[in-house]
Amino acid sequence: NRRIVLASRPAAAPTPENFRIEEVAVPTPAAGQFLLRADYLSLDPYMRGRMSDAPSYAPCVEIGGVMTGGTVSRVVASQHPDYQEGDLVMAYTGWQDYALSDGTAATKLDKNMPRPSYALGLFGMPGFTAYAGLLDIGQPKEGETVVVAAATGAVGSVVGQIAKLKGCRVIGIAGGAEKCRYAVEELGFDACIDHRSDDLPQQLKDACPQGIDVYFENVGGKVFEAVLPLLNVHARVPLCGLIAQYSGVAPNAALLATLPRNLLTKRIRMQGFIIFDYYQRAGYFAEFFKDMSAWVAAGKIKYREDVVQGLENAPQAFMGLLEGKNFGKLVVQIA
Ligand code: NDP
(Lines give C-alpha, C1' and ligand atoms only; values in the text may rest on other atoms or scores of the structure.)
Protein backbone atom coordinates (compact mmCIF):
# COMPACT_ATOMS: atom_id res chain seq x y z
CA ASN A 1 0.00 0.00 0.00
CA ARG A 2 1.79 3.09 -1.28
CA ARG A 3 0.85 6.64 -0.46
CA ILE A 4 2.22 10.03 -1.44
CA VAL A 5 2.46 12.58 1.33
CA LEU A 6 3.29 16.27 1.47
CA ALA A 7 6.93 16.38 2.62
CA SER A 8 7.25 20.17 2.65
CA ARG A 9 5.39 23.24 1.43
CA PRO A 10 6.48 24.68 -1.92
CA ALA A 11 7.82 28.24 -1.90
CA ALA A 12 6.82 28.78 -5.54
CA ALA A 13 6.29 26.06 -8.15
CA PRO A 14 6.21 22.59 -6.48
CA THR A 15 9.39 20.47 -6.75
CA PRO A 16 9.93 16.70 -6.27
CA GLU A 17 11.24 17.39 -2.72
CA ASN A 18 7.76 18.57 -1.69
CA PHE A 19 6.47 14.98 -2.07
CA ARG A 20 7.42 11.68 -0.45
CA ILE A 21 6.25 8.18 -1.28
CA GLU A 22 5.70 5.83 1.68
CA GLU A 23 4.80 2.18 2.08
CA VAL A 24 2.26 1.39 4.80
CA ALA A 25 0.08 -1.55 5.81
CA VAL A 26 -3.27 -2.03 4.08
CA PRO A 27 -5.92 -1.00 6.65
CA THR A 28 -8.76 -3.27 7.72
CA PRO A 29 -12.35 -1.99 7.72
CA ALA A 30 -14.15 -1.77 11.08
CA ALA A 31 -17.93 -2.01 11.40
CA GLY A 32 -19.55 0.63 9.18
CA GLN A 33 -16.48 0.96 6.96
CA PHE A 34 -15.28 -0.43 3.65
CA LEU A 35 -11.86 -0.72 2.02
CA LEU A 36 -11.26 0.95 -1.34
CA ARG A 37 -8.53 0.23 -3.85
CA ALA A 38 -7.96 3.09 -6.29
CA ASP A 39 -8.12 2.47 -10.04
CA TYR A 40 -7.75 6.11 -11.10
CA LEU A 41 -6.58 9.24 -9.32
CA SER A 42 -7.58 12.67 -10.60
CA LEU A 43 -4.90 15.36 -10.68
CA ASP A 44 -6.32 18.88 -10.55
CA PRO A 45 -4.95 22.41 -10.22
CA TYR A 46 -6.74 22.99 -6.86
CA MET A 47 -4.24 20.61 -5.24
CA ARG A 48 -1.60 23.36 -5.50
CA GLY A 49 -3.74 25.38 -3.06
CA ARG A 50 -3.92 22.43 -0.64
CA MET A 51 -0.10 22.34 -0.49
CA SER A 52 0.00 25.87 0.97
CA ASP A 53 -1.12 26.99 4.39
CA ALA A 54 -2.41 30.33 3.08
CA PRO A 55 -6.09 30.89 3.98
CA SER A 56 -8.42 29.30 1.44
CA TYR A 57 -11.90 27.86 1.05
CA ALA A 58 -10.70 24.41 2.14
CA PRO A 59 -8.19 23.22 4.75
CA CYS A 60 -4.65 22.51 3.55
CA VAL A 61 -2.87 19.14 3.65
CA GLU A 62 -0.76 18.85 6.81
CA ILE A 63 2.96 18.14 6.46
CA GLY A 64 3.24 14.34 6.37
CA GLY A 65 -0.41 14.05 5.36
CA VAL A 66 -1.61 12.16 2.27
CA MET A 67 -2.15 14.46 -0.71
CA THR A 68 -5.85 15.17 -1.30
CA GLY A 69 -7.47 13.83 -4.44
CA GLY A 70 -10.56 12.30 -5.98
CA THR A 71 -10.36 8.68 -7.09
CA VAL A 72 -12.43 6.05 -8.82
CA SER A 73 -11.98 2.99 -6.64
CA ARG A 74 -13.28 -0.54 -6.14
CA VAL A 75 -14.60 -1.85 -2.87
CA VAL A 76 -12.32 -4.76 -1.93
CA ALA A 77 -13.70 -5.51 1.56
CA SER A 78 -16.78 -4.21 3.33
CA GLN A 79 -18.31 -4.00 6.78
CA HIS A 80 -20.86 -1.48 5.53
CA PRO A 81 -24.43 -2.59 4.71
CA ASP A 82 -24.69 -0.38 1.58
CA TYR A 83 -21.37 -1.27 -0.05
CA GLN A 84 -20.45 -4.68 -1.49
CA GLU A 85 -17.18 -6.02 -2.76
CA GLY A 86 -16.79 -5.04 -6.42
CA ASP A 87 -18.78 -1.80 -6.15
CA LEU A 88 -17.33 1.12 -8.08
CA VAL A 89 -17.05 4.32 -6.05
CA MET A 90 -15.92 7.91 -6.60
CA ALA A 91 -14.43 9.25 -3.35
CA TYR A 92 -11.80 11.64 -2.09
CA THR A 93 -9.37 8.95 -0.94
CA GLY A 94 -6.20 10.84 -1.95
CA TRP A 95 -2.90 9.88 -3.55
CA GLN A 96 -2.73 6.28 -2.30
CA ASP A 97 -3.52 2.70 -3.27
CA TYR A 98 -5.91 1.80 -0.44
CA ALA A 99 -8.16 3.83 1.87
CA LEU A 100 -11.00 3.25 4.29
CA SER A 101 -14.34 5.00 3.88
CA ASP A 102 -17.56 5.11 5.86
CA GLY A 103 -19.44 6.38 2.82
CA THR A 104 -19.05 10.08 3.64
CA ALA A 105 -18.46 12.05 0.44
CA ALA A 106 -18.46 8.79 -1.52
CA THR A 107 -20.63 8.30 -4.61
CA LYS A 108 -21.51 4.90 -5.99
CA LEU A 109 -21.00 4.65 -9.75
CA ASP A 110 -22.53 2.32 -12.30
CA LYS A 111 -20.35 -0.79 -11.98
CA ASN A 112 -20.40 -1.29 -15.72
CA MET A 113 -19.72 2.27 -16.82
CA PRO A 114 -17.56 2.01 -19.94
CA ARG A 115 -14.95 4.57 -18.89
CA PRO A 116 -14.84 4.85 -15.09
CA SER A 117 -12.18 7.59 -15.17
CA TYR A 118 -14.71 9.93 -16.82
CA ALA A 119 -16.33 10.22 -13.37
CA LEU A 120 -13.29 12.33 -12.49
CA GLY A 121 -13.62 14.59 -15.52
CA LEU A 122 -16.35 15.00 -18.09
CA PHE A 123 -19.05 13.48 -15.86
CA GLY A 124 -17.53 14.70 -12.61
CA MET A 125 -16.18 17.80 -10.93
CA PRO A 126 -14.45 19.45 -13.93
CA GLY A 127 -17.37 18.87 -16.31
CA PHE A 128 -19.81 20.17 -13.72
CA THR A 129 -17.57 23.20 -13.19
CA ALA A 130 -17.69 24.01 -16.91
CA TYR A 131 -21.47 23.59 -17.02
CA ALA A 132 -22.34 25.56 -13.89
CA GLY A 133 -19.80 28.33 -14.43
CA LEU A 134 -20.69 28.91 -18.06
CA LEU A 135 -24.46 28.51 -17.92
CA ASP A 136 -25.30 29.86 -14.46
CA ILE A 137 -22.80 32.72 -14.30
CA GLY A 138 -21.72 33.26 -17.91
CA GLN A 139 -25.27 33.02 -19.34
CA PRO A 140 -24.14 32.88 -22.98
CA LYS A 141 -26.62 33.95 -25.62
CA GLU A 142 -26.76 32.99 -29.27
CA GLY A 143 -24.41 35.07 -31.40
CA GLU A 144 -22.30 36.26 -28.49
CA THR A 145 -18.52 35.90 -28.34
CA VAL A 146 -17.21 33.57 -25.62
CA VAL A 147 -13.50 33.37 -24.78
CA VAL A 148 -12.13 30.53 -22.67
CA ALA A 149 -8.60 30.06 -21.35
CA ALA A 150 -6.85 26.71 -20.77
CA ALA A 151 -9.06 25.79 -23.72
CA THR A 152 -8.07 22.16 -24.24
CA GLY A 153 -8.09 21.24 -20.53
CA ALA A 154 -10.65 19.38 -18.47
CA VAL A 155 -12.79 22.45 -17.80
CA GLY A 156 -11.98 24.73 -20.75
CA SER A 157 -12.64 22.15 -23.48
CA VAL A 158 -16.13 21.54 -22.10
CA VAL A 159 -16.87 25.25 -21.62
CA GLY A 160 -16.07 25.98 -25.26
CA GLN A 161 -18.12 23.08 -26.61
CA ILE A 162 -21.17 23.97 -24.52
CA ALA A 163 -20.86 27.57 -25.70
CA LYS A 164 -20.84 26.31 -29.30
CA LEU A 165 -24.00 24.31 -28.56
CA LYS A 166 -25.57 27.56 -27.36
CA GLY A 167 -24.80 29.20 -30.71
CA CYS A 168 -21.87 31.36 -29.63
CA ARG A 169 -18.68 32.30 -31.41
CA VAL A 170 -15.97 30.61 -29.34
CA ILE A 171 -12.33 31.65 -29.09
CA GLY A 172 -9.95 29.47 -27.10
CA ILE A 173 -6.63 30.42 -25.59
CA ALA A 174 -4.14 27.59 -25.12
CA GLY A 175 -0.44 26.86 -24.85
CA GLY A 176 1.15 25.87 -28.16
CA ALA A 177 0.23 25.21 -31.79
CA GLU A 178 -0.81 21.58 -31.27
CA LYS A 179 -3.36 22.43 -28.56
CA CYS A 180 -4.70 25.32 -30.66
CA ARG A 181 -5.09 23.08 -33.70
CA TYR A 182 -6.97 20.54 -31.59
CA ALA A 183 -9.31 23.22 -30.21
CA VAL A 184 -10.32 24.32 -33.70
CA GLU A 185 -10.22 21.06 -35.67
CA GLU A 186 -11.46 18.59 -33.05
CA LEU A 187 -13.46 20.68 -30.57
CA GLY A 188 -14.95 22.98 -33.21
CA PHE A 189 -13.89 26.32 -31.74
CA ASP A 190 -13.92 29.24 -34.17
CA ALA A 191 -10.33 30.16 -33.36
CA CYS A 192 -7.69 29.46 -30.75
CA ILE A 193 -4.73 31.63 -29.81
CA ASP A 194 -1.41 30.55 -28.32
CA HIS A 195 -0.91 32.48 -25.09
CA ARG A 196 2.85 32.12 -25.46
CA SER A 197 2.94 34.25 -28.62
CA ASP A 198 4.32 37.78 -28.15
CA ASP A 199 1.36 39.50 -29.75
CA LEU A 200 -1.40 37.72 -27.80
CA PRO A 201 -3.32 41.00 -27.21
CA GLN A 202 -3.39 41.85 -30.93
CA GLN A 203 -4.24 38.30 -32.01
CA LEU A 204 -7.08 38.15 -29.53
CA LYS A 205 -8.40 41.51 -30.69
CA ASP A 206 -8.34 40.32 -34.31
CA ALA A 207 -10.19 37.12 -33.33
CA CYS A 208 -12.90 39.08 -31.46
CA PRO A 209 -14.02 41.86 -33.82
CA GLN A 210 -17.28 42.22 -31.83
CA GLY A 211 -15.51 42.28 -28.46
CA ILE A 212 -16.00 39.67 -25.73
CA ASP A 213 -19.36 38.99 -24.06
CA VAL A 214 -18.33 36.08 -21.82
CA TYR A 215 -14.82 35.40 -20.61
CA PHE A 216 -14.47 32.12 -18.70
CA GLU A 217 -11.42 32.79 -16.53
CA ASN A 218 -9.18 29.81 -15.74
CA VAL A 219 -5.79 31.43 -15.88
CA GLY A 220 -5.30 35.08 -14.83
CA GLY A 221 -1.95 36.77 -15.51
CA LYS A 222 -1.12 37.81 -19.07
CA VAL A 223 -4.21 36.20 -20.52
CA PHE A 224 -6.52 38.32 -18.40
CA GLU A 225 -4.51 41.41 -19.31
CA ALA A 226 -5.21 40.71 -22.98
CA VAL A 227 -8.91 40.04 -22.34
CA LEU A 228 -9.84 43.00 -20.12
CA PRO A 229 -9.71 45.77 -22.76
CA LEU A 230 -11.90 43.69 -25.09
CA LEU A 231 -14.75 43.02 -22.65
CA ASN A 232 -18.06 44.45 -23.85
CA VAL A 233 -20.62 46.44 -21.89
CA HIS A 234 -22.60 43.93 -19.78
CA ALA A 235 -19.95 41.21 -20.20
CA ARG A 236 -19.98 38.29 -17.75
CA VAL A 237 -16.79 36.81 -16.32
CA PRO A 238 -17.15 33.52 -14.44
CA LEU A 239 -13.98 33.51 -12.34
CA CYS A 240 -13.16 29.82 -12.10
CA GLY A 241 -9.39 29.67 -11.68
CA LEU A 242 -6.14 31.64 -11.78
CA ILE A 243 -3.63 28.91 -12.53
CA ALA A 244 -0.93 31.30 -13.77
CA GLN A 245 -0.87 32.81 -10.27
CA TYR A 246 -1.11 29.67 -8.08
CA SER A 247 2.62 29.45 -7.53
CA GLY A 248 2.99 33.04 -6.46
CA VAL A 249 3.33 35.03 -9.70
CA ALA A 250 1.99 38.46 -8.80
CA PRO A 251 -0.81 39.93 -10.90
CA ASN A 252 -0.07 43.14 -12.80
CA ALA A 253 -0.59 46.00 -10.33
CA ALA A 254 -1.29 48.66 -12.98
CA LEU A 255 -3.98 46.49 -14.52
CA LEU A 256 -5.55 45.73 -11.15
CA ALA A 257 -5.83 49.46 -10.52
CA THR A 258 -8.00 49.84 -13.64
CA LEU A 259 -10.24 46.87 -12.85
CA PRO A 260 -12.91 48.56 -10.68
CA ARG A 261 -13.36 51.38 -13.18
CA ASN A 262 -13.69 48.86 -16.03
CA LEU A 263 -16.25 46.84 -14.08
CA LEU A 264 -18.21 49.99 -13.29
CA THR A 265 -18.23 51.78 -16.62
CA LYS A 266 -18.85 48.62 -18.65
CA ARG A 267 -21.30 47.16 -16.07
CA ILE A 268 -19.32 43.90 -16.13
CA ARG A 269 -20.37 41.07 -13.83
CA MET A 270 -17.31 39.17 -12.64
CA GLN A 271 -18.17 36.40 -10.21
CA GLY A 272 -15.93 33.91 -8.49
CA PHE A 273 -17.35 30.47 -7.76
CA ILE A 274 -16.30 27.23 -6.10
CA ILE A 275 -18.02 24.23 -7.65
CA PHE A 276 -18.69 22.52 -4.32
CA ASP A 277 -21.43 25.10 -3.66
CA TYR A 278 -23.31 23.92 -6.75
CA TYR A 279 -23.51 20.36 -5.41
CA GLN A 280 -25.78 21.83 -2.71
CA ARG A 281 -28.25 23.16 -5.28
CA ALA A 282 -31.04 20.56 -5.33
CA GLY A 283 -31.23 18.60 -8.59
CA TYR A 284 -28.52 20.61 -10.35
CA PHE A 285 -25.88 17.87 -10.63
CA ALA A 286 -28.55 15.49 -11.95
CA GLU A 287 -29.57 18.09 -14.54
CA PHE A 288 -25.92 18.47 -15.60
CA PHE A 289 -25.49 14.70 -15.79
CA LYS A 290 -28.59 14.30 -17.95
CA ASP A 291 -27.61 17.10 -20.35
CA MET A 292 -24.01 15.94 -20.61
CA SER A 293 -25.02 12.32 -21.21
CA ALA A 294 -27.33 13.42 -24.03
CA TRP A 295 -24.68 15.65 -25.62
CA VAL A 296 -22.04 12.93 -25.47
CA ALA A 297 -24.44 10.30 -26.85
CA ALA A 298 -25.24 12.64 -29.74
CA GLY A 299 -21.51 13.14 -30.44
CA LYS A 300 -21.73 16.84 -29.58
CA ILE A 301 -19.09 16.88 -26.86
CA LYS A 302 -15.62 15.46 -27.31
CA TYR A 303 -13.31 14.74 -24.45
CA ARG A 304 -9.65 13.97 -24.19
CA GLU A 305 -7.80 12.34 -21.31
CA ASP A 306 -4.10 12.43 -20.53
CA VAL A 307 -3.53 9.15 -18.66
CA VAL A 308 -0.31 8.71 -16.70
CA GLN A 309 0.62 5.20 -15.50
CA GLY A 310 1.56 4.53 -11.89
CA LEU A 311 0.98 6.30 -8.58
CA GLU A 312 4.72 6.94 -8.26
CA ASN A 313 4.49 9.24 -11.30
CA ALA A 314 1.75 11.45 -9.81
CA PRO A 315 4.09 14.19 -8.45
CA GLN A 316 5.84 14.66 -11.82
CA ALA A 317 2.54 14.68 -13.67
CA PHE A 318 1.07 17.19 -11.22
CA MET A 319 4.06 19.53 -11.57
CA GLY A 320 3.60 19.29 -15.34
CA LEU A 321 -0.09 20.21 -15.04
CA LEU A 322 0.88 23.56 -13.55
CA GLU A 323 3.10 24.20 -16.60
CA GLY A 324 0.68 23.07 -19.28
CA LYS A 325 2.42 19.75 -19.98
CA ASN A 326 -0.89 17.84 -19.80
CA PHE A 327 -3.02 17.60 -22.93
CA GLY A 328 -6.55 16.89 -21.77
CA LYS A 329 -7.89 15.83 -18.37
CA LEU A 330 -4.99 14.51 -16.32
CA VAL A 331 -5.59 11.21 -14.50
CA VAL A 332 -3.26 8.62 -13.05
CA GLN A 333 -4.06 4.97 -13.62
CA ILE A 334 -3.10 3.23 -10.39
CA ALA A 335 -4.40 -0.32 -10.57
P1 NDP B 1 -6.46 21.80 -17.19
O2 NDP B 1 -6.75 20.43 -17.65
O3 NDP B 1 -6.94 22.93 -18.02
O4 NDP B 1 -4.90 21.94 -16.95
C5 NDP B 1 -4.33 23.15 -16.54
C6 NDP B 1 -3.93 23.99 -17.76
O7 NDP B 1 -3.71 25.34 -17.36
C8 NDP B 1 -2.62 23.59 -18.38
O9 NDP B 1 -2.75 22.49 -19.23
C10 NDP B 1 -2.25 24.85 -19.14
O11 NDP B 1 -2.87 24.82 -20.39
C12 NDP B 1 -2.91 25.95 -18.31
N13 NDP B 1 -1.88 26.77 -17.67
C14 NDP B 1 -1.02 26.40 -16.72
N15 NDP B 1 -0.20 27.41 -16.39
C16 NDP B 1 -0.56 28.45 -17.17
C17 NDP B 1 -0.09 29.78 -17.31
N18 NDP B 1 0.92 30.24 -16.57
N19 NDP B 1 -0.70 30.58 -18.19
C20 NDP B 1 -1.71 30.13 -18.94
N21 NDP B 1 -2.20 28.87 -18.87
C22 NDP B 1 -1.62 28.05 -17.98
O23 NDP B 1 -7.01 22.00 -15.71
P24 NDP B 1 -8.54 22.05 -15.26
O25 NDP B 1 -9.41 22.10 -16.44
O26 NDP B 1 -8.75 21.01 -14.25
O27 NDP B 1 -8.63 23.46 -14.50
C28 NDP B 1 -8.70 24.67 -15.23
C29 NDP B 1 -8.90 25.82 -14.25
O30 NDP B 1 -10.16 25.66 -13.60
C31 NDP B 1 -7.85 25.90 -13.16
O32 NDP B 1 -7.56 27.26 -12.90
C33 NDP B 1 -8.56 25.31 -11.96
O34 NDP B 1 -8.03 25.76 -10.74
C35 NDP B 1 -9.97 25.78 -12.20
N36 NDP B 1 -11.00 25.01 -11.52
C37 NDP B 1 -11.83 25.68 -10.65
C38 NDP B 1 -12.85 25.06 -10.03
C39 NDP B 1 -13.76 25.85 -9.13
O40 NDP B 1 -14.55 25.27 -8.41
N41 NDP B 1 -13.68 27.16 -9.15
C42 NDP B 1 -13.10 23.61 -10.21
C43 NDP B 1 -12.22 22.99 -11.19
C44 NDP B 1 -11.20 23.68 -11.80
P45 NDP B 1 -2.17 25.48 -21.67
O46 NDP B 1 -1.02 24.58 -22.04
O47 NDP B 1 -3.23 25.54 -22.67
O48 NDP B 1 -1.66 26.81 -21.24
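Please refer to the structure higher up on the page.
In this report, we go over the structure that sits alongside the text. Bear in mind that the values here come from a model prediction, so they are computed numbers and not experimental data.

## Focus on the overall build of the protein chain
Thinking step 1. Within the protein chain, the regular secondary structure consists of 10 helices and 15 strands.
Thinking step 2. Relative to the 2.2 N^0.38 estimate, which gives 20 Å for 335 residues, the radius of gyration of the protein chain is 20 Å and therefore close to what a compact globule would have.
Thinking step 3. Its C-alpha atoms put the protein chain at 60 × 45 × 35 Å along the principal axes.
Thinking step 4. Among the 335 residues that make up the protein chain, the fraction classed as buried is 42%.
Thinking step 5. Within the protein chain, contacts between residues at least 6 apart in sequence are counted, and of these 63% link residues at least 24 apart.

## Thoughts on the packing of helix H2 (residues 125-138) against helix H9 (residues 284-297)
Thinking step 1. Close contact between H2 and H9 brings their axes to 10 Å; oriented N to C, the two are set at 100°. Between H2 and H9, the angle is such that the two are roughly perpendicular. Side by side, H2 and H9 meet where Gly127, Phe128 and Tyr131 of the first sit next to Phe285, Phe288 and Met292 of the second.
Thinking step 2. Partitioning the contact of H2 with H9 into residue classes produces five nonpolar, one polar and no charged.

## Details of the environment of Pro260
Thinking step 1. Along the polypeptide, Pro260 turns up in helix H7 (residues 253-265).
Thinking step 2. The spacing of Pro260 and Val227 is 33 residues in sequence and 15 Å in space, taken between C-alpha atoms.

## Observations regarding the sheet that holds strand E13 (residues 269-272)
Thinking step 1. Ordered in space as E10-E9-E8-E11-E12-E13, the six strands form an open sheet in which the pairing is parallel. Both edges of this open sheet fall to strand E10 (191-194) and E13, since each of them pairs with a single strand only. Taken over all neighbouring pairs, the strand axes of this sheet differ in orientation by 15° on average, direction set aside.
Thinking step 2. Bridging between strand E11 (residues 212-216) and strand E12 (residues 231-239) involves two bridges; their strand directions are parallel. Of the residues in E12, the one forming a bridge with Ile212 is Leu231.
Thinking step 3. Contacts from helix H5 (residues 200-207) reach strand E9 (169-174) and E10 within the one sheet, and its direction differs from that of E10 by about 175°.

The rules behind these values
Residues numbered from 1 in each chain as written. Predicted model: local features only at pLDDT ≥ 70, side-chain atom pairs only at ≥ 80, totals over all residues. Helix = DSSP H or I, 4+ residues; strand = E, 2+ residues; numbered from the N terminus. Rg over C-alpha atoms; globule rule 2.2 N^0.38 Å. Buried ≥ 20, exposed ≤ 12 C-beta atoms within 10 Å, placed from the backbone. Contact = placed C-beta atoms within 7 Å. Axes fitted to C-alpha atoms, helices over the stretch in contact; angles between N-to-C directions. Parallel < 35°, antiparallel > 145°, perpendicular 65-115°, else oblique. Nonpolar A, V, L, I, M, F, W, Y, C, P; charged D, E, K, R; others polar. Pairing = 2+ DSSP bridges.

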